Amino acid sequence: MAAPHAKQSLRVWLRMLRATTIIEKRIRGYLKTEFDSTLPRFDVLSALDRETVPITMSQLTDHLLVSNGNLTGLVNRLVEDGLISREIDPDDRRVQHVMLTAEGRAAFREMATSHEALVDSLFAAMSDEDMATLLHMTTTLNSALQNGAHPAEDA
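Just so you know, these numbers come straight off a predicted model, no measurement behind them.

Draft legend 1. Quick look at the packing of aromatic side chains. Using the criterion set out here, one finds 2 aromatic pairs in the structure. Here Tyr30 and Phe35 contribute two aromatic rings whose centre-to-centre distance is 6.3 Å and whose plane-to-plane angle is 70 degrees, an arrangement assigned as edge-to-face. With 5.2 Å between their ring centres and 45 degrees between their planes, Phe42 and Phe108 make a pair best called tilted. Here Phe42 is found in helix α2 (residues 39-49), whereas its partner Phe108 is found in helix α5 (residues 102-122), with 66 residues between them in sequence. Each of the two residues, Phe42 as well as Phe108, counts as buried.

This is the structure we're talking about:
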């Protein structure tokens, strides 16, 4: 028995992939051109901007869903650039705490404002109603995926 929506599911997935790829490419280009930055740098600054206290490198990797090895070099460069600070935990020298510096917070806020305007412009062709529908649909999909929904496998 064929899975529900089989061909339609493939088409939707490919269109979602294409749209997200185009959006990500434009964001990457914009950050490079306007701020001489990368999307991973933006993501680290964004994660740290949401924190009110220093967090451990492990917490940061959990927030970003990346490996610690991938993050170490990026954090080192952000520290060198004065955008984040890093301190060794006095109780456990293997643990490092990171946080935005004042300069890093200001730089991120400037990037975030421009980033938001860019993303908004990328969705300009959609009506408010379409945006609300898309938001609802993607929320439903994300929730089902996170809850392990595998209807085709459950049959």
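Right, picking up where we left off after that structure.
Draft legend 2. Representation of unusual backbone geometry in the model. With phi around 45 degrees, Asp36 is a residue other than glycine that occupies positive phi space. Counting through the fold element by element, Asp36 comes out in the loop between α1 (6-35) and α2. Accessibility expressed as a relative area gives 57% for Asp36, which makes it exposed. A positive phi angle, close to 55 degrees, is found at Leu65, a residue other than glycine. Topologically, Leu65 is positioned in the loop between α3 (57-64) and α4 (68-80). The class of Leu65 is exposed, set by a relative accessible area of 78%.

Draft legend 3. Region of interest: the sheet that holds strand β2 (residues 84-89). Read from one edge to the other, the open sheet built from 3 strands follows the order β1-β3-β2, with strand pairing classed as antiparallel. The sheet terminates laterally at β1 (55-56) and β2, the two strands that pair on one side only. On top of the sheet, α2 reaches β1, β2 and β3 (92-100); it is set at about 90 degrees to β3, its chief contact. Where α4 meets the sheet, its contacts fall on β2 and β3, and the angle it forms with β2 comes to roughly 115 degrees.

Calculation notes
- Residues numbered from 1 in each chain as written.
- Predicted model: local features only at pLDDT ≥ 70, side-chain atom pairs only at ≥ 80, totals over all residues.
- Heavy atoms only, no water.
- Phe/Tyr/Trp six-rings, centres within 6.5 Å; stacked < 30°, edge-to-face > 60°.
- Helix = DSSP H or I, 4+ residues; strand = E, 2+ residues; numbered from the N terminus.
- Buried < 20%, exposed > 50% of the residue type's maximum accessible area, 1.4 Å probe, protein only.
- Pairing = 2+ DSSP bridges.
- Contact = heavy atoms within 4.5 Å.
- Axes fitted to C-alpha atoms, helices over the stretch in contact; angles between N-to-C directions.

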